[in-house]
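Working through the structure, step by step
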Amino acid sequence: MTIKTGDNQVFPESTSVDTPTKNNRAFMVIGISVVSVLVVAFIAVKLINAYVFAPQTVVKDYWKALENGQVSHAQKLEVNPEKSPLLSNAAYGAVLNRPSGVSVNEGELAPEVDDRPAYTYSVTYQIGDEDHSTTTTVVKTGKKLGLFDQWRVYDPQYGTLEIVSATAVEINGEVQVKGGKFGVYPGTYTMDDLIDSPYFEVVSEPAAIAVGETKTMELGYELTDKSKEMVTDALRDQLEECNAVVSNDPNPCDLRIFVSPEAKFDFEWSVPTEPSDVTFTLVEGGELAWTFEMAEPVKAVGRATPKPGTSDLGDPRDSTQDVTLGGRISLSDPQKPQISVERIVW
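In short, a report on the structure. (Residues numbered from 1 in each chain as written. Predicted model: local features only at pLDDT ≥ 70, side-chain atom pairs only at ≥ 80, totals over all residues. Heavy atoms only, no water.)

Here's the deal with the overall build of the protein chain
As a reminder, the rule being used: Only DSSP runs of H or I reaching four residues or more are called helices, and only runs of E reaching two or more are called strands; each is numbered from the N terminus. Note on contacts: a residue pair qualifies if any of its non-hydrogen atoms lie within 4.5 Å across the two residues. Accessibility throughout is a Shrake-Rupley quantity obtained with a 1.4 Å probe, and a residue counts as covered only by protein chains that appear here.
Helix and strand counts for the protein chain come out as five helices and 22 strands. In the protein chain, the share of contacts with a sequence separation of at least 24, taken over all contacts with a separation of at least 6, comes to 54%. Surface exposure of the protein chain reaches about 20,500 Å², of which carbon and sulfur atoms provide 52%.

As C-alpha cells, then:
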C-alpha cells in the first residue's frame with residue numbers, strides 16, 4: 001500500500017515488525033535449561049541405576065557382608081530374612097572360615113518373581129581350602145526415593161546346622177543353644193559343652209557348612225586320665241580283696257573251690273593285684289556313663305587244705321581261674337564319679 005503526497009511523491013506505508021523482548025529471551029533460556037537439567041538428571045538416574053543400584057552390585061554387597069560377618073547388613077538385603085540365634089553379628093562374627101575368595105559372575109535374567117523382574121548370578125567361594133559354588137537370585141522390590149531401583153536377595157544363602165544334644169551347648173564359643181535345627185550362613189562351626197568337669201572331656205568335630213548343606217553335630221565324651229586312674233585303683237582294690245579270700249563264701253571275685261560240703265578246709269588264693277589295660281565304652285542313650293573291662297584276665301591260683309584233724313575228709317584241692325573284672329563309671333553328677341566293679345564270667 002502506498003501514500004500519495006501533494007507533490008505526487010509516493011512513500012510506502014510503514015509496517016510494524018515484532019522483535020523478541022527481553023522477557024521472551026529469558027523464558028527461552030529457562031526452558032532450554034530445564035530441559036537440559038531433566039535430560040542430565042534422566043541420564044544420571046540411568047547411570048546410577050546401572051552401577052550403584054544394579055542387581056549385580058547388590059549381590060556383591062551381600063556376599064561382602066557375609067565375608068565380614070555382618071549379618072545385620074546382609075539381612076537388610078534379603079527379601080525374607082530368617083530368624084535364628086546363630087544369625088547375628090556376634091554369632092556369625094565368631095564363625096571360623098567364613099566365605100572368602102568370592103567371585104560374582106555375570107548374571108542372567110531369571111523368571112519373574114511375583115510379576116517382578118529377577119536376575120540370577122553364579123557365585124564361587126571358599127570355606128577354608130574347599131571350593132564351593134552356588135547361585136544368588138535378586139528380585140526388584142521397588143524404587144528408592146522414587147528414582148533408584150531397589151533389588152533384594154530372594155534366596156538367602158543359608159545352610160542348616162542340626163545340633164543333637166539334650167543340654168545347652170556353646171557354638172563357636174559365643175552363643176548358647178539347645179538341640180535343634182538352625183539356619184546358618186556358610187562357614188565352619190564348633191560346639192562345646194557347658195559342663196566343666198575334671199573327669200571327662202568333650203570332643204566334637206567342627207562342621208564346615210556350605211550354602212544349601214545340612215550338617216549334624218553331636219557331642220562326644222572321653223574320660224580324663226584322672227577318671228581312668230580312679231577306675232584302675234578300684235580294680236586294684238578289688239583284686240587285693242580277692243587275695244584275702246579264705247572261704248567259699250561269696251566274695252568280690254566269685255572265687256570258689258568245689259569241695260564236699262561236709263569237709264572243713266582252709267582256703268588260700270594268690271591273685272595278681274595289678275590289672276591289665278582297661279577298655280572303656282560310652283553307654284548309649286544319653287546317660288553320661290561308661291562300662292569298662294580288663295583287657296586281659298589275671299590268673300588266680302587257689303588251694304583248699306583240709307583243716308587239722310579232718311585230713312580223712314579229703315586231700316588238698318588246687319584251682320586256677322581266669323579272673324576278668326569290669327564295671328561301670330557313672331558321671332550323672334559331673335563332679336562325683338560313681339564306680340562299681342564286678343567279675344565278668346563268660
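After that view of the structure, there is still more to cover.
So, the nonpolar core
For the record, the criterion: Nonpolar cores were defined as sets of buried Ala, Val, Leu, Ile, Met, Phe, Trp, Tyr and Cys residues, with membership established by side-chain atoms within 4.5 Å. For each residue, the accessible area found with a 1.4 Å probe, counting protein chains only, is set against the maximum for its type, and the residue is called buried under 20%, exposed over 50%, and partly exposed in between.
If you look at the biggest cluster of nonpolar residues, it comprises 40 residues, and the most contacted ones within it are Tyr185 and Tyr189. For Tyr189, the contacting residues outside a window of four places in its chain are Tyr92, Val95, Leu161, Ile171, Asn172, Val184, Pro206, Ala207, Ile209 and Met217. Listed in part, the 28 residues of the second largest apolar core include Val278, Val298, Leu325 and Leu331.

Digging into the side chain of Gln321
Basically, it comes down to this: Throughout this description, a polar contact denotes any pair of N or O atoms lying within 3.5 Å of each other; where both atoms belong to protein, one of them has to be capable of donating a hydrogen while the other can accept it, and for residues adjacent in sequence the pair is counted only when both atoms sit in side chains.
Residue placement: Gln321 occurs in strand β21 (residues 317-330). In terms of polar contacts, Gln321 uses its side chain to reach the backbone carbonyl oxygen of Arg256, at 2.9 Å. Polar side-chain contacts of Gln321 include one of 3.2 Å to the side chain of Arg343. Beyond its immediate stretch of four places on either side in the chain, Gln321 contacts Asp254, Leu255, Arg256, Trp269, Val298, Lys299, Ala300 and Arg343.

Concerning the side chain of Ser227
Its place among the elements puts Ser227 in helix α5 (residues 225-243). Ser227 gets classed as buried once you look at its relative accessible area, which sits at 0%. Among the polar contacts listed, one links the side chain of Ser227 to the backbone oxygen of Tyr199, at a separation of 2.6 Å. Apart from the residues lying within four places of it in its own chain, the contact partners of Ser227 are Tyr199 and Ile329.

Topic: the pattern of salt bridges
Between side chains of opposite charge, pairing is possible as soon as their charged atoms come close. Applied cut-off: For this analysis, a salt bridge means a side-chain nitrogen from Lys or Arg found within 4 Å of a carboxyl oxygen belonging to Asp or Glu.
Scanning all chains against the criterion turns up nine salt bridges. A salt bridge links Arg236 to Asp233, with the shortest nitrogen-to-oxygen separation between them at 2.7 Å. Here Arg236 and its partner Asp233 are both found in helix α5, three residues apart, which amounts to about one turn of the helix. On the basis of relative accessible area, Asp233 is assigned to the partly exposed category, the value being 39%. When salt bridges with common partners are traced through the structure, they connect Asp233, Arg236 and Glu274 into a single cluster.

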